[in-house]
Amino acid sequence: MDAFHRDIDKLDHLGVQVILEGPPPVVSPSQELIRTAHRCIRPLRNSIGAQERGDAGSRECTDAAATVAEAGLAFTAEVRDFPEAARRVLDDASAIETPAP
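Summarised in this report is the structure supplied together with it. A quick note: this is a predicted structure, and the numbers were derived from the prediction, not measured.

How each quantity is defined
- Along each chain, residue indices are assigned from 1 in the same order as the chain's sequence is written.
- Only residues with pLDDT of at least 70 are given local features in this predicted model, and only at 80 or more are side-chain atom pairs given and counted; all residues enter the totals for whole chains, interfaces and linings.
- Think of the side-chain values as coming from all heavy atoms in the structure, minus any hydrogens and water.
- Secondary structure is summarised from DSSP: a helix means a run of H or I of at least four residues, a strand means a run of E of at least two, and numbering begins at the N terminus for each.
- Summary of the burial criterion: residues with accessible area below 20% of their type's maximum are buried, those above 50% are exposed, and those between are partly exposed, where the area comes from a 1.4 Å probe applied to protein chains only.
- Residue contacts are defined here by distance: any two heavy atoms, one from each residue, within 4.5 Å place the two residues in contact.
- Accessibility throughout is a Shrake-Rupley quantity obtained with a 1.4 Å probe, and a residue counts as covered only by protein chains that appear here.
- Among buried residues, those of type Ala, Val, Leu, Ile, Met, Phe, Trp, Tyr and Cys that are joined through side-chain atoms within 4.5 Å constitute a nonpolar core.

## Regarding the overall build of the protein
And then number 1: On a plain count of helices and strands, the protein comes out with 4 helices and 0 strands.
And then number 2: Secondary structure of the protein in N-to-C order comes out as α-α-α-α.
And then number 3: Looking at the 101 residues of the protein, the share that counts as buried comes to 23%.
And then number 4: Long-range contacts, defined here as pairs at least 24 residues apart, represent 65% of the contacts in the protein between residues at least 6 apart.
And then number 5: When the accessible surface of the protein is split by element, carbon and sulfur atoms take 58% of a total near 6,900 Å².

In C-alpha cells:
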C-alpha cells in the first residue's frame, strides 16, 4: 500500500502540472484520471486487509478482490484513453495557433 500511495502522490503531482501548464480542455480528462486512481485505494486496502487477516476465502475477500479488479480495469482504461484525448486536444490547439498557409 505504501508504494501504491507514493504512486498516487506522483500522479497527483503530475495532474497538478497538467492542470497548470496544459491547455484547458486537458484539465477534465486529467482530473478524471486522478479520480479514478483514487477510487482504487479503498478496495485495494480492503482486499489486502482481508488477506492479512487470513480471510482469503471469505465472501468479504472475494468481494474486495472483485472491487479491486473493477477499479483497476477502470483505471487502466483511463490511462489507456488519456494520451489519445490529450493528443487530440494538443493537435487541435496547435492547428488553431498555426494557421495553414
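## Some details on the side chain of S30
And then number 1: Secondary-structure assignment places S30 in helix 2 (residues 24-38).
And then number 2: If sequence neighbours within four positions are ignored, S30 has contacts with G15, V18, I19 and F82.

## Quick word on the nonpolar core
And then number 1: One finds I8, L11, V26, L33, I34, A37, I41, F82, A86 and V89 forming the largest nonpolar core, which totals 10 residues.
And then number 2: Top contributing element to this core by residue count: helix 2, with 4 residues.
And then number 3: Apart from residues no more than four positions distant in its own chain, L33 is found in contact with L11, F75, E78, V79 and F82.

Note that every value here comes from positions in space, so none of it alone points to a role or purpose.
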